[in-house]
Amino acid sequence: MSPRRWIAVVAVAVCACPAASFAPPILTAARRTEMGMLAPEVTKTKTRQRTELKKEAPMKQKVKKVVAAKPQAKVKHEVQEEPKFRVFLLGDESYEQEHVCKALMELVEGMDIKRAEEIYETAKQSGQALIIVVAEEKAEFIVEQLVRKEPMIFAELEPEGGSGRQDVPDE
């Protein structure tokens, strides 16, 4: 029986007895294949892949001769220290002790309140006081920051071997 004929038979049966409950017959895969409703199953062939590893002949290792390096002339690197600069606080009657001491403690590492007060008093009495001796870049930074404070705090810097101010001891 061809698939079209089977569908026609089912349709006629459904139409002929509408009141009867109709269930289509259960068809097995073999029966459907016979009727042409299913393509025959394709059997899958199993394939095996065989891989052979070729053993390589052991490689001969090349032996390198180690030759002692000839001693080279020693190169002397001289490290030059940065030139040091002294930073001075210049005395002014308009300074307030609290403002100056606070600024010194902010800008100078390791500065405590006692040392800041001593510097302030020395600058007030003699017109100037040594704050610190440091590298040029750090000295310039401290002077700039003191001058930028509001109200302004006057300071100057000079090379460590500079004008020979002997009234203020070096640190």
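Computed from a prediction, not measured in an experiment: that's the story for all the values here.

A.B. asks: So what exactly am I meant to see when it comes to a negative patch on the surface here?
C.D. replies: Judged by side-chain charge, Glu81, Glu82, Glu136, Glu137, Glu140 and Glu144 come together as a negatively charged surface patch. Tracing the backbone shows Glu140 in helix H5 (residues 136-148). Assessed through its relative accessible area of 37%, Glu140 is described here as partly exposed.

A.B. asks: Explain the sheet that holds strand S1 (residues 84-90) here, please?
C.D. replies: Adjacent strands of a sheet pair through backbone hydrogen bonds, lying either parallel or antiparallel. Judged by pairing direction, the sheet is antiparallel, and its three strands sit side by side in the order S2-S1-S3 without closing on themselves. Each edge of the open sheet carries a strand with a single partner, namely strand S2 (128-135) and strand S3 (155-159). With direction set aside, neighbouring strand axes in the sheet form an average angle of 25°. Examined bridge by bridge, S1 and S2 share seven bridges and lie antiparallel to one another. Paired with Phe85 across the strands is Val134, a residue of S2. Contacting S1 and S2, helix H4 (residues 113-126) crosses the sheet at an angle of about 125° to S2. Lying on the sheet, H5 is in contact with S1, S2 and S3; it crosses S2 at an angle near 140°.

A.B. asks: Whenever I open this one, the nonpolar core confuses me. Can you help?
C.D. replies: Across soluble globular proteins, nonpolar side chains have a tendency to be buried as a group. Formed by 25 residues in total, the largest nonpolar core has its most connected members in Val87, Leu89, Leu104, Ile131 and Leu146. The greatest single-element share of this core, amounting to five residues, is contributed by helix H3 (residues 97-107). If we ignore the near neighbours within four places in the chain, the residues touching Leu104 are Met111, Ala116, Ile119, Ile131 and Leu146.

A.B. asks: Just to check I follow, could you spell out the pattern of salt bridges for this structure?
C.D. replies: Any two side chains of opposite charge can pair, on the condition that their charged atoms come close. Within this structure, the stated rule accounts for three salt bridges. Ionic pairing is found between Glu158 and Arg86, a salt bridge with its closest N-O pair at 2.9 Å. Placement of Glu158 in strand S3 and of Arg86 in strand S1 is noted, with a sequence separation of 72 residues between them. Residue Glu158 is classed as buried on the basis of its relative accessible area of 8%. Taking the shortest distance from any N to any O, the salt bridge between Glu106 and Lys149 comes out at 2.8 Å. Separated by 43 residues along the polypeptide, Glu106 in helix H3 and Lys149 in the loop between H5 and S3 bring together distant segments of the chain. The exposure class of Glu106 is partly exposed, given its relative accessible area of 49%. What makes Lys149 partly exposed here is its relative accessible area of 21%.

Each value, and the rule that gives it
- Residues take numbers from 1 onward in each chain, read along the sequence in its written order.
- Local features are withheld for residues below a pLDDT of 70 in this predicted model, meaning they are given only at 70 or higher, and side-chain atom pairs are given and counted only at 80 or more; totals for whole chains, interfaces and linings count all residues.
- Think of the side-chain values as coming from all heavy atoms in the structure, minus any hydrogens and water.
- The patches reported here contain residues having more than 30% relative accessible area and no salt bridge. Joining distances are 9 Å for like charges and 5 Å for nonpolar side chains (Val, Leu, Ile, Met, Phe, Trp, Tyr).
- Every accessible area reported is derived by Shrake-Rupley at a probe size of 1.4 Å, with residue values counting cover from the shown protein chains alone.
- Take a side-chain nitrogen of Lys or Arg and a carboxyl oxygen of Asp or Glu: if they are within 4 Å of each other, that pair is a salt bridge.
- Charge counting treats Lys and Arg as positive and Asp and Glu as negative, with His and both chain ends excluded.
- The location of each charge is read from NZ of Lys, CZ of Arg, CG of Asp or CD of Glu.
- A run of H or I in DSSP counts as a helix once it spans at least four residues, and a run of E counts as a strand once it spans at least two, with each numbered from the N terminus.
- For each residue, the accessible area found with a 1.4 Å probe, counting protein chains only, is set against the maximum for its type, and the residue is called buried under 20%, exposed over 50%, and partly exposed in between.
- Pairing between strands is defined by DSSP: at least two bridges between them are needed.
- Axis lines are fitted to C-alpha atoms, over the contacting stretch for helices. Their N-to-C directions set the angle, which ranges from 0 to 180 degrees.
- Contacts: residue pairs with any heavy atoms within 4.5 Å of one another.
- Take the buried residues of types Ala, Val, Leu, Ile, Met, Phe, Trp, Tyr and Cys, join any two whose side-chain atoms come within 4.5 Å, and each joined set is a nonpolar core.

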